Amino acid sequence: MSAWTDRILQEFPADLSRFWIACDPDDLLLDERILHELRDRGFEVLPFEDSIAFRTEYEERYRAAWDRGEEGPAHALILQLRGTDLNALPWDYVRMGRKVSLSLADLFPRLSYSVIRQVDSEHHETLFLAHNRHATQPLGEGATKDFILTHIFRISPYLLSRPEDFWREVLRLHYRGAGLPELLARHVEGILKDSRLGDLPIAELLSSKSYMVRAVQDAWGRFLLQYGIRSDRRSNDETVEALPDLSVPFEHPDVRVIIDTMFLEGALQPVGAPSSTADLPDWVKVGLVDDPHALGNLVSAGAQKIAADLPTVEATHRDWVEMARRLGEVISRFNGLNAGVAEPIEQQVRALQRDADERLKDWLFEHFADLPSLPAAKGPVMVHHVPRYLALRRNAGEERVALLVFDGLAMDQWIQIREHLAARVPGFSAEEGGCFAWLPTLTSVSRQALFSGLKPREFANSIETTAREPSLWDRFWQENGLRKSEIIYQKGLKRNEQLAELEEAISRPATKVAGIVVDMIDEIVHGAMLGKRGIAGQIGAWCDTGFVEKLFLLLAEQGYVIYLTADHGNVDAEGIGRLSQGVVSELKGERVRAYRSETLASSAPADIDAFRFDSPGLPPDFLPLYAGTRGAFVPKGDHIVAHGGISVEELIVPFIRINMPKAI
């Protein structure tokens, strides 16, 4: 156990109390490592977000069991209050609970609180050690920024005097998935503004991975012009939001090694080149495709690199989201290959998918219970966090918000759509992230959680249907200060002729929030005959109709900030045999079956490749049985595309902020 974790846990000695109140304005308890350690010690953490919801959970699940002399879901419960005002709590809780106060200001007394509260919780452990070892006196705001840059991000802006030094650090930061917080990025920009680097958009490059990737991709196209190769990706020069013409020192070894990896893993897209590239330096060829086999080699090399770097059971949820993105890039490229090029590497890609799924399964058994309680302020961790995150964005000034839910969209399929838009729409960009669907990854479970902002346990009466989605969406936003006339929900969109009706709804001046279900992907998946590679061709044909860019542009022109996500993904699966149980299974899926009692759940044949995982957050009488590996409860040997189970492609879905130009 780390010194940081131990420092937090020492506030909660075992056996002192069943019920604790933690005043935690900085969400220190809502770090997945802290949550995991507390759970191992018998403590459960429940954020206090709604008085009625908390009381229902506490009284029904915890206190009732304790009053009967039973252990209950946990030995002790910690009410996590995001603040210090105990008057916000019911008086009986304050009277009963043992109180603890936690604060970054108390734990880092020699650093500026206004700065350290901008640092993500994943860095607290390293910062705690650095603070105790190296912060010998109180530091002001500027000195605290320098301290964090040095000890957390390993950057000293005062030493960045050459372009190759700056670009090496930019690429290194984002390759590790840890761009600088905007406050620190602006600090670096202020230091470098009078240097030879001062003309660069320093803060944007350091803080935004999407901006950095766009800038490097554009710079790569200009770099290739010196070899007579013109990029086949559309330039951004035609829009008012064009990127500056940046020059990246691709030839420098420190820069080249990271650029090479970005091409292999799909963060950067290779450029089509003439068939003869004999005169080019070998290192340049990783960013070129001069024949179909070159792209196949790129897929193979990318798969090999990811296979060597799969997350372990000690990984964080961020590690898994980043891995899902990298895997999605490889799968998207693979699905776009012609059959002759794909066949020799198919087994390599399939083995990577199976290994990733097995690693994820092991990780979920240890950590899935921690995910629902993680904070959503910097981005949703699970799909039910999405409405709360959008509410925070509205409070931050995004007056009109549109949530696009592409039903059934897997990460690799989003990447295919993204590349279509990048080629067709000058000025398009996307700030890409991901979040976890709910298990089981069924529409009635996960999409209902997505639109309601609730855990499935909280909509137990409608868990088998999506009929209540519009009312749950309305209820969330009305509880967050909007009138019913300011909220719209529309589903079933998939074709251009439906956009006129949508335009009428979103263009009303009163409308502030739009929830929109685009269900073409799910429709394609349920009719798939040729696996996900066949689906890729159908998605390409759908994109060619122009529906997606017209939808995005329509929303952008009406002033909406556009967010895109999915309720679940989809996966290639093979039949392991039907479960012939009559009406025993209440909810039947191809990758999962759900039962209403332990007796029924135990009635599944013992010889079938399936497993139980009763994930927290589900109703107590909703017990899923999952098909093992990439199996499906269909006749043996049948190949289908399905969802509902536990795999990287089903569980980790895109969460994207779409940036569109003012006009095309």
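Before any of the text, the structure's been laid out above.
Residues numbered from 1 in each chain as written. Predicted model: local features only at pLDDT ≥ 70, side-chain atom pairs only at ≥ 80, totals over all residues. Heavy atoms only, no water.

J.: Looking at this structure, how should I read the pairing of strand S3 (residues 76-81)?
T.: The side chains of a regular strand alternate between the sheet's two faces. Burial of S3 is extensive: six of the six residues sit out of reach of the surface. Residues of S3 alternate between two faces, with Ala 76, Ile 78 and Gln 80 on one and Leu 77, Leu 79 and Leu 81 on the opposite face, all of them buried. With five bridges connecting them, strand S1 (residues 19-23) and S3 associate as parallel partners. From the neighbouring strand, Ala 22 faces S3, where its bridge partner is Gln 80. The pairing of strand S2 (residues 43-47) with S3 spans five bridges and is parallel. Residue pairing for S3: Phe 43 is matched across the bridge by Ala 76. Handedness of the crossover joining S2 and S3 through helix H3 (residues 51-67): right-handed. (Buried < 20%, exposed > 50% of the residue type's maximum accessible area, 1.4 Å probe, protein only. Helix = DSSP H or I, 4+ residues; strand = E, 2+ residues; numbered from the N terminus. Pairing = 2+ DSSP bridges. Right-handed = clockwise from strand over helix to strand, strands pointing away.)

J.: Help me understand unusual backbone geometry, please; the structure alone is not making it clear to me.
T.: Negative phi values dominate among residues other than glycine, just as trans dominates among peptide bonds. Residue Pro 440 is reached from Leu 439 by a cis peptide bond, and omega for that bond is -5°. Residue position: Pro 440 is located in the loop between strand S8 (429-436) and helix H20 (443-452). A positive phi is found at Asp 15, a non-glycine position, where the angle reads about 70°. Mapped onto the secondary structure, Asp 15 falls in the loop between helix H1 (3-9) and S1. Judged by relative accessible area, Asp 15 falls into the exposed class, the value being 64%. Of note, Arg 154 is a non-glycine position whose phi angle comes to about 55°, a positive value. Tracing the backbone through its elements, the reader meets Arg 154 in the loop between helix H8 (141-151) and helix H9 (163-175). In this structure Arg 154 comes out as exposed when scored by relative accessible area, which is 56%.

J.: Even after reading the chapter, I still don't get the environment of Thr 465, so can you show me in this structure?
T.: Tracing the sequence through the fold places Thr 465 in the loop between H20 and helix H21 (469-479). With relative accessibility at 32%, the residue Thr 465 sits in the partly exposed group. With 22 residues separating them along the chain, Thr 465 and Thr 443 place their C-alpha atoms 8.3 Å apart. Leaving out residues up to four positions away in the same chain, Thr 465 has contacts with Ser 444 and Gln 448. (Contact = heavy atoms within 4.5 Å.)

J.: I would appreciate a short explanation of the environment of Arg 256 in the present structure.
T.: Of note, Arg 256 is situated in helix H13 (residues 253-265). Considering only alpha carbons, one finds Arg 256 and Val 284, 28 residues apart in sequence, at a separation of 9.0 Å. Every residue in contact with Arg 256, bar those within four places of it in the chain, is listed here: Phe 250, Glu 251 and Trp 283.

J.: Quick question: what am I supposed to make of the pairing of strand S11 (residues 561-565) here?
T.: Along S11, five of the five residues are buried, which leaves the element largely enclosed by surrounding structure. Here S11 shows a buried face lined by Val 561, Tyr 563 and Thr 565 and a second buried face lined by Ile 562 and Leu 564. One ladder, built from five bridges, connects strand S7 (residues 401-406) with S11; its direction is parallel. Its bridge partner being in S11, Leu 403 is matched across the sheet by Tyr 563.

J.: Teacher, can you tell me more about a negative patch on the surface here?
T.: A contiguous patch of negative charge, built from Asp 40, Glu 314, Asp 355, Glu 358, Asp 362 and Glu 366, is present on the exposed surface. Ranked by residue count, the leading element in the negative patch is helix H17 (residues 346-367), at four residues. Locating Glu 366 in the fold gives a position in helix H17. Using a relative accessible area of 40% as the deciding quantity, one classes Glu 366 as partly exposed. (Patch = residues over 30% accessible without salt bridge, like charges linked within 9 Å, V, L, I, M, F, W, Y side chains within 5 Å. Areas by Shrake-Rupley, 256 points an atom, 1.4 Å probe, with all protein chains shown as cover. Salt bridge = Lys/Arg side-chain N within 4 Å of Asp/Glu carboxyl O. Lys, Arg positive; Asp, Glu negative; His and termini not counted. Charge placed at Lys NZ, Arg CZ, Asp CG, Glu CD.)

J.: Quick question: what am I supposed to make of the sheet that holds S3 here?
T.: Working definition: the strands of a sheet are paired by backbone hydrogen bonds and lie parallel or antiparallel to each other. On the basis of which strands lie adjacent, the open sheet formed by four strands has the order S2-S3-S1-S4 and parallel pairing. The open sheet has two edge strands, S2 and strand S4 (98-101), and neither has a second partner. Recorded for the sheet is a direction-independent mean angle of 25° between the axes of neighbouring strands. Relative to S4, S1 runs parallel, the two sharing four bridges. Of the residues in S4, the one forming a bridge with Trp 20 is Arg 98. Packing of helix H2 (residues 32-40) onto the sheet brings it into contact with S2 and S3, and relative to S2 it is tilted by some 135°. Those strands touched by H3 are S1, S2 and S3, and its axis lies near 160° from that of S3. (Axes fitted to C-alpha atoms, helices over the stretch in contact; angles between N-to-C directions.)

J.: Looking at this model, I keep getting lost on the pattern of salt bridges. Mind explaining?
T.: When the charged atoms of two side chains lie near each other, side chains of opposite charge can form a pair. A complete count under the given rule lists 59 salt bridges for this structure. Taking the shortest distance from any N to any O, the salt bridge between Arg 33 and Asp 31 comes out at 3.3 Å. The exposure class assigned to Arg 33 is partly exposed, which follows from its relative accessible area of 27%. With a shortest N-O distance of 3.6 Å, Glu 204 and Arg 186 are connected by a salt bridge. Taken as a pair, Glu 204 in helix H11 (residues 202-207) and Arg 186 in helix H10 (residues 182-192) lie far apart in primary sequence, 18 residues in all. Exposure remark for Glu 204: the relative accessible area of 26% places this residue in the partly exposed category. With a relative accessible area of 37%, Arg 186 lands in the partly exposed category. When salt bridges that share partners are traced, they join Arg 162, Glu 164, Asp 165, Arg 168, Glu 169, Arg 172 and Asp 254 into one network.

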